[in-house]
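So the chains spell out like this:
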Amino acid sequence: MAGEASQGTFDVVVLGGGVNGAGVARDCAMRGLSVLLLEKQDLASGASGASSGMIHGGIRYMTSDRRVTELASRDAGYIRRIAPHLTFRIPFLIPFATHGEEATLLDRLTWYATEVYVGTYDLFQPLKGGKPSARLTAEELYAVEPSLRPGLHGAVTLDEWGIDGQRLCLLNALSAAAHGAQVRTWTEATGLVREAGRVAGVRWRDALTGEHGEARASVVVNATGGWSPRWGKSNGVLVPMRPGKGVHLSLDRRHGNYGIICTAVDGRQMFLMPHEMESIIGTTDDDYYDDPDDLDATAEEVEYLVEGVASLVPSVRQSRITRAWWGVRTTIYEYGVEEDDLSRDHRILDHAAEGSAGLLSIVGGKLASYRAQSEEVTDRALALLGRAALPCRTHEEPLPGGDDVPVASELAEQHGVPEAIAARLVYRHGSLAREVLRVADDDPRMKLVVCRDEGIIAAEVAWIARHENVRRLQDLRRRCRLAVGGCGGLDCARPAAQVVARELGWSADQLRAELSDLLEVGWRERRPVLDGWQLAEEELLRAVHRGLGGL
Ligand SMILES: Cc1cc2nc3c(=O)[nH]c(=O)nc-3n(C[C@H](O)[C@H](O)[C@H](O)COP(=O)(O)OP(=O)(O)OC[C@H]3O[C@@H](n4cnc5c(N)ncnc54)[C@H](O)[C@@H]3O)c2cc1C
């Protein structure tokens, strides 16, 4: 997809390869428009790749924004339909705690209110294929989740769905390309082209080759997420937003099979949930007005998150935190409201009144409702182009790999690989897992496990390099979670890099540079969670890699 000439004329140029940009590119391409998608880094480098990955209705918004909860629940159901392999169930527990030693009347009323509230959310569950809530006694609660601290009085369950948000972006971009769109990653939209008092395209620059050019289009869709306010300002339009920084932590092990809703020290809600082979703690939500490119996590944010979860699951303090990761929420501007209480609704802005006819921006919304948001933007783009509103099919047509998903055990037997490896492949690639394993059938060396944490085999790395729009080694972090596990890439990055280098024809120098970049990106995420001896040890290891490994 990358590297094709993008000098031409398009109906629509989409800026930003997050879930909204990729979703809009897909919908526009499926409705017969010629499309160019520009992403300044890799797909899902922004909020979409740093979200909690829940395609939920958003129970918190049910009373303030019922329409948002309904839209997200309905869209979550569609996402499960078009990418069944990529979604997984997350049953949450909302434990009943007391404020003092004994349960007071107020405690009991709070539990009852929680149960009624979650019971009301059950009305939305059929839209996304979720199970109704249930009340657990204390005995039942400790039977399902023994790691919880003693003294809890039961819980209410809450059924949600999770998704790999990074692959969701990728699959939308791949589908857009399959319908004729051009997708250019690592290519920044540097400015707008204007003609006869309206927007007539964008200028772009490829960060890897230095190549630059102009792409002309009647409609430009700005889906640059947290970058939008700054990007808008430098291009003469206003994109009002209340950007919010959100940090997550990854722990080296699963603490259980349930998500647990906890209360942070300031009373905010947060969670601990199992994800792949690890657990995730999330999340903070703080106003953020700086450059999203400069985002990172602080030691205070790390402690805030651990403290909140340790109040219910004390053993998290014994886990190793493997990394912190972060993103900018693209929330709609509102004054005088706490971050958590901001609406998760979305807006589509038409900048015609600011002298920029032909430019649309999308602000706010959720990963869970990206498809509906993209449909709305595409309808607006068609209207601006004066084209007939062709029906949207993105809720019906499966994303790549989303049809005829194989059974992992059968695939494992057919191709002679462990079932755990096959299961990971099916989760990430759906029906295309068959194609990945054909690579290993043709060359048995490709069955080599390059990453034990994530169950990545060489065949998957080769397949991804061939078919999934890889331009940099770090793109594999988002394609298959290379180097994001416990080893931080020190074990797995080198063998994977060799496979990618062979597939993409990289020189030895390029391979070394890519390897160094990958480890550096990982270090940025690990540095905030390290201190004392662990920091000293990691710094020593880095020095060894740099010195002996020539990185
Ligand atoms: C911590 C956190 C947790 C969240 N959890 C959830 C959740 O569990 N469920 C849910 O539904 N929602 C969640 N969200 C919200 C959700 O992630 C966002 O609504 C959604 O991902 C926004 O997508 P986007 O495409 O608009 O923005 P982004 O994903 O940020 O994409 C914008 C893209 O534009 C690119 N870009 C910027 N400038 C340029 C330029 N000049 N040229 C080209 N490209 C450019 C960036 O590199 C980036 O990739 C969460 C958000 C955060 C931050």
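Residues numbered from 1 in each chain as written. Predicted model: local features only at pLDDT ≥ 70, side-chain atom pairs only at ≥ 80, totals over all residues. Heavy atoms only, no water.

(A) A look at the side chain of Arg-471. Note that Arg-471 resides in the loop between α14 (458-467) and α15 (475-480). Classification of Arg-471 as buried rests on a relative accessible area of 17%. Within the local environment of Arg-471, its side chain forms a polar contact with the side chain of Asp-206, the two groups lying 3.0 Å apart. (Helix = DSSP H or I, 4+ residues; strand = E, 2+ residues; numbered from the N terminus. Buried < 20%, exposed > 50% of the residue type's maximum accessible area, 1.4 Å probe, protein only. Polar contact = N/O pair within 3.5 Å; in protein donor to acceptor, adjacent residues only side chain to side chain.)

(B) Representation of the site of the ligand within the structure. Lining the immediate environment of the ligand, one finds 36 residues, of which Asn-20, Glu-39, Ser-48, Met-54 and Ala-368 sit closest. At 3.5 Å from a nitrogen atom of the ligand is found a side-chain nitrogen or oxygen belonging to His-56. Within the complex, 96% of the 1000 Å² of free accessible area of the ligand lies under protein. Looking at the shell around the ligand, the elements that each hand over two or more residues are α1 (19-30), α2 (47-50), β7 (187-195), β10 (244-251) and β15 (321-329). In terms of residue class, the shell around the ligand is built from 12 nonpolar, 19 polar and 5 charged. Taken domain by domain, the makeup of the shell around the ligand includes at least three residues from each of domain 1 (8-48 + 166-233 + 344-385) and domain 2 (242-331). (Near = heavy atom within 4 Å. Areas by Shrake-Rupley, 256 points an atom, 1.4 Å probe, with all protein chains shown as cover. Nonpolar A, V, L, I, M, F, W, Y, C, P; charged D, E, K, R; others polar. Domains from an automatic or database assignment.)

(C) Up close: helix α12 (residues 419-429). Most of α12 sits out of view: 8 of its 11 residues are buried. Along α12, the residues classified as buried are Ile-421, Ala-422, Arg-424, Leu-425, Val-426, Tyr-427, Arg-428 and His-429. Residue Gly-430 follows α12 closely and has a positive phi angle near 60 degrees.

(D) View of the environment of Ile-280. Relative to the helices and strands, Ile-280 is located in strand β13 (residues 278-282). With 43 residues separating them in the primary sequence, Ile-280 and Arg-323 have C-alpha atoms 9.9 Å apart. Sequence-distant contacts of Ile-280, that is, excluding residues within four places in its chain, are made with His-248, Leu-249, Phe-271, Leu-272, Met-273, His-275 and Trp-325. (Contact = heavy atoms within 4.5 Å.)

(E) Up close: the state of the cysteines. Counted by the stated rule, this structure contains 0 disulfides. Free of any disulfide, Cys-480 has its nearest neighbouring cysteine sulfur in Cys-451, separated by 8.0 Å. Overall, the relative accessible area of 0% leaves Cys-480 in the buried class. A disulfide-free cysteine, Cys-492 has its sulfur positioned 3.8 Å from the sulfur of Cys-487, the nearest such atom. (Disulfide = S-S within 2.5 Å.)

(F) Broad picture of the pairing of β10. Burial runs high along β10: 8 of the 8 residues are buried. Of the two faces of β10, the one holding Gly-244, Gly-246, His-248 and Ser-250 and the one holding Lys-245, Val-247, Leu-249 and Leu-251 are both buried throughout. The sheet contact formed by β10 and strand β14 (residues 286-287) spans 2 bridges and is antiparallel. Each bridged residue has a counterpart across the sheet, and for Lys-245 the counterpart in β14 is Asp-286. Sheet topology places β10 next to β15; 8 bridges connect them, and they run antiparallel. Following the sheet pairing, Leu-251 is matched in β15 by Ile-321. Looking at chain direction, β10 and β13 are connected through 4 bridges and run antiparallel. Note on β13: the bridge partner recorded for Leu-249 is Ile-281. (Pairing = 2+ DSSP bridges.)

(G) Region of the structure containing the domain arrangement of the chain. Under the domain assignment used here, the chain contains domain 1 (8-48 + 166-233 + 344-385), domain 2 (242-331) and domain 3 (408-548). Each of domain 2 and domain 3 was reduced to a C-alpha centroid, and the two centroids are 25 Å apart. Regarding the contact of domain 2 and domain 3, the summed buried area is about 1400 Å², with carbon and sulfur atoms giving 44% of it. Of all residues in domain 2, the largest losses of buried area upon contact with domain 3 belong to Glu-276, Arg-320 and Arg-323, amounting jointly to 43% of the total for that side. Connecting domain 2 to domain 3 are 5 salt bridges. Where domain 2 touches domain 3, the interface holds 5 residue pairs in polar contact (both at pLDDT 80 or more). Elements supplying a minimum of two residues to the side of domain 2 that touches domain 3: α9 (299-310) and β15. (Buried area = accessible area lost by both parts, 1.4 Å probe. Salt bridge = Lys/Arg side-chain N within 4 Å of Asp/Glu carboxyl O.)

(H) Representation of the pattern of salt bridges within the structure. In total, this model carries 49 salt bridges according to the counting rule given. Close ionic contact of Arg-371 with Asp-75 constitutes a salt bridge, the shortest N to O distance being 2.9 Å. With a gap of 296 residues between them, Arg-371 in helix α10 (residues 370-385) and Asp-75 in helix α3 (residues 66-82) connect regions that are remote in the sequence. Assigned by exposure class, Arg-371 and Asp-75 land together as buried. With a closest N to O distance of 3.9 Å, Arg-481 and Glu-276 form a salt bridge. A residue pair is termed long-range when its members are at least 10 positions apart, and Arg-481 in the loop between α15 and α16 (493-504) and Glu-276 in the loop between β12 (269-275) and β13 qualify at 205 residues. We classify Glu-276 as buried; its relative accessible area is 11%. Among the charged side chains, a salt-bridge network with shared partners connects Glu-276, Glu-278, Arg-424, Glu-454 and Arg-481.

(I) Focus on the packing of aromatic side chains. Considering all chains together, one arrives at 4 aromatic pairs under this definition. Judged by centre distance (6.1 Å) and plane angle (70 degrees), the ring pair of Phe-88 and Tyr-427 falls under edge-to-face. With Phe-88 in strand β3 (residues 87-95) and Tyr-427 in helix α12, this residue pair connects regions lying 339 residues apart in the sequence. Considering the side-chain rings of Phe-96 and Trp-111, the 5.3 Å spacing of their centres and the 15 degrees angle between planes classify their relative orientation as stacked. Remark: Trp-111 occurs in helix α4 (residues 105-121) and Phe-96 occurs in the loop between β3 and α4; sequence separation between them is 15 residues. Here Phe-96 and Trp-111 have matching classes, each one buried. (Phe/Tyr/Trp six-rings, centres within 6.5 Å; stacked < 30°, edge-to-face > 60°.)

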